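Read off the chains here:
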Amino acid sequence: MNVVVCVKQIPDPSVPGQLEADHTLDRSAKPILDESDSYGVEMALQLVDAAGGGEVTLISLAPNGEVSGLRTALAMGAAKAVLVSDEACSGTDALGTAKLLAKCVERVGDADLVLAGTESSDGYTGTVPAQMAELLGWPALTFAKKVEIADGKVKIQRQTEAGYDVVEASLPALVSVTAGVVEPRYPSFKGIMAAKNKPVDSVTAADLGLEGQVGWAGARQSITNVTQAPAREAGEKFEDDGTGAEKIVAFLENLKVI
Amino acid sequence: MTIDKVWVFAEAKGDKVTSATLELLTKAREIGSTVEAIYAGDNAEAIAGQLGEYGATTVHAIDAQGALPGQVAAAAIAIGAAEHAPDVILFAQTYDGRDAIARLSVKLDRPVLTNGFTLAVEGGKLVFGTAIFGGTTMVDCELSSDAPHLIAVRPKSFTAEPSGGGAAAVNVVGAVDAGRAAESKVLEVFEEEQIGPKLEEAEIVVSGGRGIGASESYKPLVEELAKQLKGAFGASRAIVDAGWVPYALQVGQTGKTVKPKVYIALGISGATQHLVGMKNSDNIIAVNKDGEAPIFGVADLGIVGDVNKVIPALKDAIAAKQG
Ligand SMILES: Cc1cc2nc3c(=O)[nH]c(=O)nc-3n(C[C@H](O)[C@H](O)[C@H](O)COP(=O)(O)OP(=O)(O)OC[C@H]3O[C@@H](n4cnc5c(N)ncnc54)[C@H](O)[C@@H]3O)c2cc1C
Ligand SMILES: Nc1ncnc2c1ncn2[C@@H]1O[C@H](COP(=O)(O)O)[C@@H](O)[C@H]1O
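All values derive from a computational prediction rather than experimental measurement.

Enquirer: Where do I start with the site of ligand 1 in this structure?
Expert: Residue and element names in this part refer to chain B. Around ligand 1, the structure places 27 residues, and the nearest of them are S236, S269, Q273, H274 and N288. Note that an oxygen atom of ligand 1 is positioned 2.8 Å from one of the backbone N or O atoms of R210. Between ligand 1 and the protein, one listed contact pairs a nitrogen atom with a side-chain N or O atom of D306 at 2.9 Å. Across the shell around ligand 1, the residue classes tally to six nonpolar, 16 polar and five charged.

This is the structure:
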């Protein structure tokens, strides 16, 4: 079984974000593998393992030929990667991203399953996976907290407000997974060394036949205003000297909730 | 562009329309002159009254074909949009809302604006506002693509107000060919028995973070307190990622936005990505053993202390009051 995993490489979230003059994200910091996608990578490795054969291929759209996040996922055990990196892709929106990534899936060929995160940590539109499925003409099972493959079908537990739905579709299909579905492995030293020599197929929008459809022009949207959100004022703060609970009770009583 | 017709992708739980849908209908009335709902499910008749009460004149009822409703709805909406020419289609940023807007954006080749907090018409243009960097920065956007504009808004961004309209007329849309999207068949539905209100609708929300110490502590410290207060329980991402509680309970940037009368944060540091999901609560109480924790920067009442001491005492005190 061959699984393709979408992995986004994002600016390190522990570094405060900043916008460039053209309203794109400042990406000068070295990007890392989005944690949301580490679950997809782990899930893919486990599924291929369980199937007893096949490989895991990563696909990513990133500016400036960035591969550091991809290397992390390759070190976890993925076999190879396709990276879309192209000046022309700067400013690409969710739909443009999905168009590029769907073409990558076709370029990889013979994928039985595509895995993605439910939402990226920096963009969090949560639409790219289902957009890709529509472009590929595949079913999409979204927000999966459990994934099983059997008899050419994929069955998931889909997160809902009050529990979960069991949803099934035949392969090939796309599945988006929530955080916590599996425990992502740490790359081993051997894995990290091996990742350095794993193939990364670097392509442009033109290579994928999407010249002129992506980037700022393709996004058809503009940022008209950027402001600071108003801050909330802090109230009273007490050290708990044994009366902490009483203070909360008094506060709640004052609000007439108890 | 003048905005005439606004469609709202409606969602319901059983025969009850979700509050996020009612919020969107209210906003739709403000920005457009005609408001219609689109709904994928077989109980459109049962919800037409509620949809009408909040301003929808018609509900276009789509056959979900036993599949994920958002996945199949797009095919029908695309056909309907060509016929009825809505200027704007609004979705809630929910599980099914995201499925529907995503598929539809491909069908219509339109960009999507997601995670909206504000929406207004200024000088005939639709201005969409969202928050970035953990809610510290507000960004306004405009679309230059043709109608219909596809927009997803976070629940709790607007206040739902009835218009007093009569029941919406039900326009049954026949089954459309959704291609392989219709293969996403829902086989079973599991609902954990829900005692008390939903997270987004509760008057009181109690959330736990890594500071509660262990998965086993969630029930006694967070869930039980929430139940005593007839509220709902939530969580920080740290304990969702750790697998202590399901993703549906996550509050914050990549989880839910809540706006209760009282939000109680237990052992939560108050990272900006958590704050964005709860800082508009009317009142915030925080218990954290680190006096410097950023959560105290937004708390109306902060207790610098150990949740393992404060919460059992609090539960006893409330139980004593409630008799
Ligand atoms: C892109 C992105 C998106 C994110 N989205 C979200 C989101 O939607 N929601 C979200 O919550 N987070 C989100 N996060 C994660 C966020 O940055 C924080 O990591 C997370 O909120 C921390 O959770 P926490 O407060 O439970 O844990 P910690 O930050 O580890 O804090 C634990 C707190 O508990 C206190 N504590 C420890 N022991 C006790 C005790 N016995 N009694 C009382 N207090 C105690 C500590 O002093 C500490 O302040 C996101 C992060 C990124 C990068
Ligand atoms: N630039 C990208 N490269 C690779 N995968 C991506 C990219 N953007 C989004 N994705 C995938 O789509 C998921 C949802 O992203 P988003 O729609 O941005 O919230 C992510 O978790 C990734 O799996």
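Having seen it, we continue.
Enquirer: Explanation requested: unusual backbone geometry in the structure shown.
Expert: Put simply, L171 of chain A and P172 of chain A share a cis peptide bond, and its omega is -5 degrees. Examined against the element boundaries, P172 of chain A turns out to sit in the loop between β9 (163-170) and β10 (173-177). Here A147 of chain B and P148 of chain B are connected by a cis peptide whose omega angle stands at -5 degrees. Mapping P148 of chain B onto the fold places it in the loop between β9 (137-143) and β10 (149-153). One non-glycine residue, Y124 of chain A, adopts positive backbone phi at about 35 degrees. For Y124 of chain A, a relative accessible area of 9% translates into the label buried. You will see that D151 of chain A, though not glycine, has its phi angle at about 50 degrees, which is positive. With respect to the helices and strands, D151 of chain A occurs in the loop between β7 (140-150) and β8 (153-159). For D151 of chain A, a relative accessible area of 80% translates into the label exposed.

Enquirer: I tried to follow the site of ligand 2 on my own but got confused; where do I start?
Expert: All names here are of chain A. Around ligand 2, 20 residues are found, and the nearest of them are D37, G117, S120, T125 and G126. C6 has a polar backbone atom sitting 3.4 Å from an oxygen atom of ligand 2. Within the backbone of T127, one N or O atom sits 3.2 Å away from an oxygen atom of ligand 2. If ligand 2 stood free it would expose 480 Å²; the protein chains cover 97% of that surface. Mapped by element, the contributors of at least two residues to the shell around ligand 2 are β4 (56-61), α3 (94-108), β6 (113-117) and α4 (128-136). Examining the composition of the shell around ligand 2, we find that three residues originate from one element, β4, more than from any other.

Enquirer: Would you explain the packing of α3 of chain A against α4 of chain A in this entry?
Expert: Helix packing geometry: the angle between the two helix axes and the distance between the axes. Residue and element names in this part refer to chain A. Packing of α3 against α4 leaves a shortest axis separation of 8 Å and a crossing angle of 55 degrees. In this view, α3 runs oblique relative to α4, as classed from their interaxial angle. Crossing geometry of α3 relative to α4 is assigned as right-handed. Facing A94, L95, T97, A98, K99, L101, A102, V105 and E106 of α3, the residues of α4 in contact are V128, Q131, M132, L135 and L136.

Enquirer: How should I be thinking about helix α5 (residues 218-228) of chain B in this particular structure?
Expert: An α-helical segment advances 3.6 residues per turn. Residues three or four places apart therefore align on the same side. Residue and element names in this part refer to chain B. Buried within α5 are the following residues: Y218, L221, V222, E223, L225, A226 and Q228. Contacts made by the buried residues of α5 are with β13 (204-208), β14 (232-235), α6 (237-241), β15 (262-266) and α8 (307-322). K230 sits one or two positions beyond α5 and adopts a positive phi of about 55 degrees.

Enquirer: Please explain the domain arrangement of chain B as it appears in this structure.
Expert: A common measure of how large an interface is: the accessible area buried when the components associate. All names here are of chain B. We note that the domain assignment places domain 1 (5-183) and domain 2 (204-322) within chain B. Using only C-alpha atoms to locate each centre, domain 1 and domain 2 end up separated by 32 Å. Contacts between the two partners involve nine residues from domain 1, matched on the other side by 12 residues from domain 2. When domain 1 packs against domain 2, close to 840 Å² is buried across both sides, 45% of that on carbon and sulfur atoms. Among the residues domain 1 hides against domain 2, the three largest losses belong to G134, R154 and K156. Together they make up 54% of the total. Across the contact surface, domain 1 and domain 2 share zero salt bridges. Put simply, domain 1 and domain 2 have four residue pairs in polar contact (both at pLDDT 80 or more) between them. For the side of domain 1 that touches domain 2, the residue count by class is four nonpolar, three polar and two charged.

Rules of the game
- Residues numbered from 1 in each chain as written.
- Chains lettered and ligands numbered in written order.
- Predicted model: local features only at pLDDT ≥ 70, side-chain atom pairs only at ≥ 80, totals over all residues.
- Heavy atoms only, no water.
- Near = heavy atom within 4 Å.
- Polar contact = N/O pair within 3.5 Å; in protein donor to acceptor, adjacent residues only side chain to side chain.
- Nonpolar A, V, L, I, M, F, W, Y, C, P; charged D, E, K, R; others polar.
- Helix = DSSP H or I, 4+ residues; strand = E, 2+ residues; numbered from the N terminus.
- Buried < 20%, exposed > 50% of the residue type's maximum accessible area, 1.4 Å probe, protein only.
- Areas by Shrake-Rupley, 256 points an atom, 1.4 Å probe, with all protein chains shown as cover.
- Axes fitted to C-alpha atoms, helices over the stretch in contact; angles between N-to-C directions.
- Parallel < 35°, antiparallel > 145°, perpendicular 65-115°, else oblique.
- Left-handed = near helix turned anticlockwise from the far one by under 90°.
- Contact = heavy atoms within 4.5 Å.
- Domains from an automatic or database assignment.
- Buried area = accessible area lost by both parts, 1.4 Å probe.
- Salt bridge = Lys/Arg side-chain N within 4 Å of Asp/Glu carboxyl O.

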